[in-house]
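Spelled out, the chains give:
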Amino acid sequence: MVSDFIRKKISKYFTGQDEIVFCDNIPSYGMLTEKFSNIDELGLYLHIPFCDRICPYCPYNKEVYNENKAWNYVDALKKEIESYAYIIGNKPVTSFYIGGGTPTTMLKTGINEIINHIYKHFKMDCNIHMESHPNHLTTENLNILEAIGVKHLSVGVESLQDNHLKILERPYTVIEAKKSIERAVGRNFECINIDYIFDLPGQTPSEIEQAGNDIVKLGVDQVATYPLFRFPYTKLGKKFDEKRNAVNTMFRRRKFLKIIEDILYDSNYTRSSVWAFTKKGVDKYCSVTVPIYLGLGASGSSYLKDIFYVNTFSVSEYINAINQGKSPIALSIDLSEEMQMAGWLYWRIYETKFKKSDFQNRFKSSFDDKYGKQMKMLNRMGYLKNGEDQIKLSDKGTYWIHAFEDYFSINYINKLWGNSKSMAWPEKIIL
Ligand SMILES: C[S@@+](CC[C@H](N)C(=O)[O-])C[C@H]1O[C@@H](n2cnc3c(N)ncnc32)[C@H](O)[C@@H]1O
Ligand code: SF4
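Just so we're clear, the structure is a prediction, and the values are computed from it rather than from any experiment.

Enquirer: Tell me about the sheet that holds strand 19 (residues 390–393), and name the residues and values.
Expert: The sheet built from three strands is open, its strands ordered 17-19-18 with antiparallel pairing. At either end of the open sheet lies a strand with only one pairing partner, and these are strand 17 (353–355) and strand 18 (384–386). Pairs of neighbouring strands in the sheet enclose a mean axial angle of 10°, with direction left out of account. Bridge analysis of strand 17 against strand 19 gives three bridges, and the strand direction is antiparallel. The residue of strand 19 that forms the bridge with Lys355 is Gln390. Of the strands in this sheet, strand 17, strand 18 and strand 19 are in contact with helix 14 (residues 367–380), which crosses strand 18 at around 135°.

Enquirer: So what's going on with helix 2 (residues 29–37)? Which residues, and what values?
Expert: For helix 2, every residue scored as buried is listed here: Leu32, Lys35 and Phe36. Seen from one end, helix 2 has its buried residues packed into an arc of 95°, which puts them on one side. Of the surrounding elements, those touching the buried residues of helix 2 are strand 2 (42–48), helix 3 (67–88), strand 13 (293–296), strand 14 (301–304), strand 15 (307–311) and strand 16 (329–334).

Enquirer: A description of the nonpolar core should follow, citing residues and the corresponding values.
Expert: Counting 100 residues, the largest nonpolar core has Phe36, Tyr73, Tyr84, Ile118, Phe122, Leu145 and Leu296 as its most contacted members. Not counting residues up to four positions away in its chain, the partners in contact with Phe36 are Leu42, Tyr84, Ile87, Ile88, Lys91, Leu294, Leu304 and Tyr309. Counting residues in hydrophobic clusters, the runner-up holds 17 residues, among them Ile20, Ala330, Ile333 and Leu431.

Enquirer: Now, about the packing of helix 3 against helix 4 (residues 111–121): what can you tell me, with residues and values included?
Expert: Running from N to C, helix 3 and helix 4 cross one another at 5°; their axes reach a closest spacing of 10 Å. Comparing their axes, helix 4 and helix 3 come out roughly parallel. On helix 4, the residues touching Trp71, Val74, Leu77, Lys78, Ile81, Glu82 and Ala85 of helix 3 are Glu113, Ile114, His117, Ile118 and His121. When the residues that make up the contact of helix 3 with helix 4 are grouped by side-chain class, the tally is seven nonpolar, two polar and three charged.

Enquirer: Break down the pattern of salt bridges for me, with residues and values.
Expert: One pass over the structure, following the stated rule, counts 18 salt bridges. A salt bridge links Arg170 to Glu158; its shortest N-O distance comes to 3.7 Å. Here Arg170 is found in the loop between helix 6 (162–167) and helix 7 (174–185), whereas its partner Glu158 is found in strand 8 (residues 150–158), with twelve residues between them in sequence. Exposure class is identical for Arg170 and Glu158. Each is buried. Lys370 is paired through a salt bridge with Glu338; the nearest N and O atoms lie 3.1 Å apart. Of this pair, Lys370 sits in helix 14 while Glu338 sits in helix 12 (residues 337–351), and the two are 32 residues apart along the sequence. Using a relative accessible area of 28% as the deciding quantity, one classes Lys370 as partly exposed.

About the criteria used
Residues numbered from 1 in each chain as written. Chains lettered and ligands numbered in written order. Predicted model: local features only at pLDDT ≥ 70, side-chain atom pairs only at ≥ 80, totals over all residues. Heavy atoms only, no water. Pairing = 2+ DSSP bridges. Helix = DSSP H or I, 4+ residues; strand = E, 2+ residues; numbered from the N terminus. Axes fitted to C-alpha atoms, helices over the stretch in contact; angles between N-to-C directions. Contact = heavy atoms within 4.5 Å. Buried < 20%, exposed > 50% of the residue type's maximum accessible area, 1.4 Å probe, protein only. Arc of directions from axis to C-beta. Core = buried A, V, L, I, M, F, W, Y, C linked by side-chain atoms within 4.5 Å. Parallel < 35°, antiparallel > 145°, perpendicular 65-115°, else oblique. Nonpolar A, V, L, I, M, F, W, Y, C, P; charged D, E, K, R; others polar. Salt bridge = Lys/Arg side-chain N within 4 Å of Asp/Glu carboxyl O.

The values are spatial; any link to function lies outside them.
Below is the structure:
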């Protein structure tokens, strides 16, 4: 209860709002056209909500793959793409991310049709970034990925120890996962990223060290390494809903992350976000931080300066709505300038370095007037370097400032995603 009170106070301090309210107020076609007319460029996110099987820890919107449903999803997506063709017009799409679920479940069920449709209707000015599952990276599938134009490929490896793969219920062994990565690294992709989860139940520092060294040997371009988040609405979240000491957890994660950090820094990787490390000279694999974006598909979410909206999470309802000529958007929220600024700062901190002049360009007001005091204090604490224009977080600052942000934002994600998963068309979600 005390922590809820503190969370609300912090949220109010940064956003100026007592409550953050999402409601079923669906933006009209005309309103979206007007909002898109005020932007210069956008990122595109395409959600593929299918997986071969469901992992017990996974918070994302997905269901077990079904071929018929996948084809119906392709048809619906094409219609959603067409509905945005006029709205977006000639604005360049400067990043394209296909996530899920597992996008590689649809390599033979129409993913090429969806991509072609996107390239036909939007002004695409970027490469394709796509998530994949280790079990799908056969030579045949890697050929398809290259043929459809994927240049940045992420592989959900999760662990490099068989005992932990078992706990996570991942359907492969370390040897098989390594073979998949080696096959992908041996191709001509511009960036191979692997996802690695740490702070697993019972995991020891020496296991993390061994995995870190293995990752370096595999020669991947980037590592995205997250602690295991226990979302209360997942199977694992329910099982591990022990009264964990949040402060202990934060310090343990810091210790584990430092082990990985040190190994990667010694091997020519630099930090590219709170949780990602990229080899020097490689174009990073990532798009969660794109400032303005359109999300397509079930649970696709879109952010256009002063509005954030989310499609229904239900794949069947998404398909039905589109086939009936209705909007798949389930929830939206209008964002005050204060909220937009807080959101901007959140994602820039996630990226670990940013320019004050970008804030000035975006909001036509001075970064120092708005956040100067807080930055000076963090500078004194050694959490960041507050330069004339550039702000760069230290490793200590990166971890602790983000942990602080997470402390109140994770509850919001739990509530928004948890409710959206259980109700296809919620009337209102109050965070
Ligand atoms: C959509 S999945 C990646 C592609 C594919 N579905 C797979 O699992 O191999 C995205 C990534 O999020 C991460 N992830 C999922 N649930 C997580 C959790 N509870 N805590 C931390 N990371 C998580 C995993 O590293 C996972 O690879
Ligand atoms: S972790 Fe990946 S494969 Fe597992 S359920 Fe989530 S999206 Fe699907």
